[in-house]
Amino acid sequence: YRNAAATASLPTFLLVGPSGGGKTAFTTLTERNTITQTHTSTQPLTVEALLPSPHIPASAHYRSAGDPAFERARRFLLLDTPGHGKLRHYATAQLADPKTIRAIIFVVDAAALAEEAGLNEAAEYLHDVLLALQKRYTSATTSKGPKEIPVLIAANKMDLFTALPANLVKHQLEKAITEVRTSRAKALRDAGAALSGGEDEVDEEKEWLGEGGEGAFEFSQMQEIGTAVGVVGANVLGQGEKGSVEGWWEWIGENL
Ligand code: GTP
Ligand code: MG
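Being a predicted model, the structure only gives us computed values, none of them experimental.

Trainee: I tried to follow the coordination of the magnesium ion (ligand 2) on my own but got confused; where do I start?
Mentor: Angles at a metal have ideal values that depend on geometry: 109.5 degrees with four tetrahedral donors, 90 or 180 degrees with six octahedral donors. For the magnesium ion (ligand 2), the protein coordination sphere consists of T24 (OG1) and S41 (OG), at 2.0 to 2.1 Å. With T24 in helix α2 (residues 23-32) and S41 in the loop between α2 and β2 (45-50), the pair connects residues that are 17 residues apart, well separated along the chain. What makes T24 buried here is its relative accessible area of 16%. Residue S41 is classed as buried on the basis of its relative accessible area, which comes to 14%.

Trainee: What is the right way to look at the pairing of strand β4 (residues 101-109) in this model?
Mentor: Looking down a regular strand, the side chains alternate between one sheet face and the other. Of all nine residues in β4, eight are buried; the element is thus mostly enclosed. Strand direction decides the pairing type here: strand β1 (residues 12-16) and β4, joined by five bridges, are parallel. Bridge pairing in β4 links L14 to I104. Examined bridge by bridge, β4 and strand β5 (residues 151-156) share six bridges and lie parallel to one another. By the bridge assignment for β5, I104 is matched with V151. Remark: the β4/helix α5 (residues 116-138)/β5 crossover connection has right-handed handedness.

Trainee: Teacher, can you tell me more about the site of ligand 1 here?
Mentor: Around ligand 1, the surrounding shell holds 19 residues, and the nearest of these are S19, A25, T38, T40 and G83. At a separation of 3.3 Å, an oxygen atom of ligand 1 approaches a polar backbone atom of G21. Take L237: an N or O atom from its main chain is 3.1 Å from an oxygen atom of ligand 1. Sorting the residues of the shell around ligand 1 by element identifies α2 and β7 (235-237) as the ones contributing at least two each. The residue inventory of the shell around ligand 1, partitioned by class, reads five nonpolar, eleven polar and three charged.

Trainee: I tried to follow the pattern of salt bridges on my own but got confused; where do I start?
Mentor: Opposite charge on two side chains allows them to pair when their charged atoms are near. With the rule as written, the count across this model stands at eleven salt bridges. Between D67 and R63 there is a salt bridge, and its shortest N-O distance comes to 3.4 Å. What makes D67 partly exposed here is its relative accessible area of 23%. Of the charged contacts in the structure, one is a salt bridge between R184 and D128, with a shortest N-O distance of 2.7 Å.

Criteria and thresholds
Residues numbered from 1 in each chain as written. Chains lettered and ligands numbered in written order. Predicted model: local features only at pLDDT ≥ 70, side-chain atom pairs only at ≥ 80, totals over all residues. Heavy atoms only, no water. Donors = N, O, S within 2.8 Å, 3.2 Å for Na, K, Ca; no water. Helix = DSSP H or I, 4+ residues; strand = E, 2+ residues; numbered from the N terminus. Buried < 20%, exposed > 50% of the residue type's maximum accessible area, 1.4 Å probe, protein only. Pairing = 2+ DSSP bridges. Right-handed = clockwise from strand over helix to strand, strands pointing away. Near = heavy atom within 4 Å. Polar contact = N/O pair within 3.5 Å; in protein donor to acceptor, adjacent residues only side chain to side chain. Nonpolar A, V, L, I, M, F, W, Y, C, P; charged D, E, K, R; others polar. Salt bridge = Lys/Arg side-chain N within 4 Å of Asp/Glu carboxyl O.

Right, here's the structure in full:
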């Protein structure tokens, strides 16, 4: 049997990413093991799910299937958020205080990344997600730092022939985030010059994602703030049917 308290304590995987990436499609597939027609989300949605076999939750890898503790460890929550630019406050609110968040899954349409507009939108959103995690880490008061929150870049729609492969998804996003970082810093500097304040420099540093200096942004720089970033390709849908998201479930298992 289940009760509300037991459900509330389950690890939550937060789904974010641009509109149309496939967050809700993945949520319904994971919850019901069937695909359904989705519509752009206007509200966040939490579903309870069970890690499908043969995937194994890391916290119970030494237990056997059927053991009640193993069965309990397979349970988790998916928190699906709307990706539309005007509805991101649902995701931002979670990121500002991610106490209950175990991990973040950034779902992106890998075919959309082949176009400049799609790539820039995804890079800006991902930049902001990672910056929120960085701020949380650097403003932590304990010397130990806050709990680590890993990020999966879930490169979806690999069934489309225009989809970028996972290694290119990673490379293109790193390149585009490098540019986002530079243009955000310039905007801050321009705003600071208009104000003529004394503490602009401090702020600028806080808003800079990853390592300082002239180098390019790389996801590996997020290790320093306790965030491992992985990129895994999959497709929620196939040719009018169910696709395969085994790689994402595997990643969830590693963090469950
Ligand atoms: P928002 O709610 O607006 O943030 O979007 P979302 O990320 O929830 O996207 P959603 O799950 O609604 O999917 C958007 C569209 O992409 C739907 O028409 C899905 O059927 C389609 N879609 C999802 N996954 C795949 C996939 O793997 N391949 C293909 N070809 N289409 C997909
Ligand atoms: Mg949705």
